[in-house]
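Results of the structural survey
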Amino acid sequence: MRVKVPPRVLEGIEAVRDTGAVDMESVVTVRSLALGLCFKEASFWLELHEKDYREGLKRGFEPDASSTFEVGRIC
């Protein structure tokens, strides 16, 4: 069973992964790059849900349209 995350958070995780610039196991680095790519939601979600993120790395992620995680824009 995949880990459900808000769509914007999944977008941020995928954007970081697609850069190929970081080790996805390094939560601090993933959070930092997510912020740099203007995915503040993903960065904050990772801070609050590190255990879920690590589980998602093993099982995969899927968007949960009923779940939102919104923060103010930085970019």
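Note that this is a predicted model, so its numbers are computed, not measured.

Within the fold, Asp 64 resides in the segment after β2 (61-63). No salt bridge is formed by the buried Asp 64, whose closest oppositely charged neighbour, Lys 4, lies at an N-O distance of 5.4 Å. A polar side-chain atom of Asp 64 sits 2.7 Å from a polar atom in the side chain of Ser 66. Each residue touching Asp 64, except ones within four places of it in the same chain, is listed here: Lys 4, Val 5, Pro 6 and Pro 7.

Relative to the helices and strands, Glu 14 resides in helix α1 (residues 7-19). With 47 residues separating them along the chain, Glu 14 and Phe 61 place their C-alpha atoms 9.7 Å apart.

About the criteria used
- Residues numbered from 1 in each chain as written.
- Predicted model: local features only at pLDDT ≥ 70, side-chain atom pairs only at ≥ 80, totals over all residues.
- Heavy atoms only, no water.
- Helix = DSSP H or I, 4+ residues; strand = E, 2+ residues; numbered from the N terminus.
- Buried < 20%, exposed > 50% of the residue type's maximum accessible area, 1.4 Å probe, protein only.
- Lys, Arg positive; Asp, Glu negative; His and termini not counted.
- Salt bridge = Lys/Arg side-chain N within 4 Å of Asp/Glu carboxyl O.
- Polar contact = N/O pair within 3.5 Å; in protein donor to acceptor, adjacent residues only side chain to side chain.
- Contact = heavy atoms within 4.5 Å.

Honestly, it's all geometry; don't read function into it.
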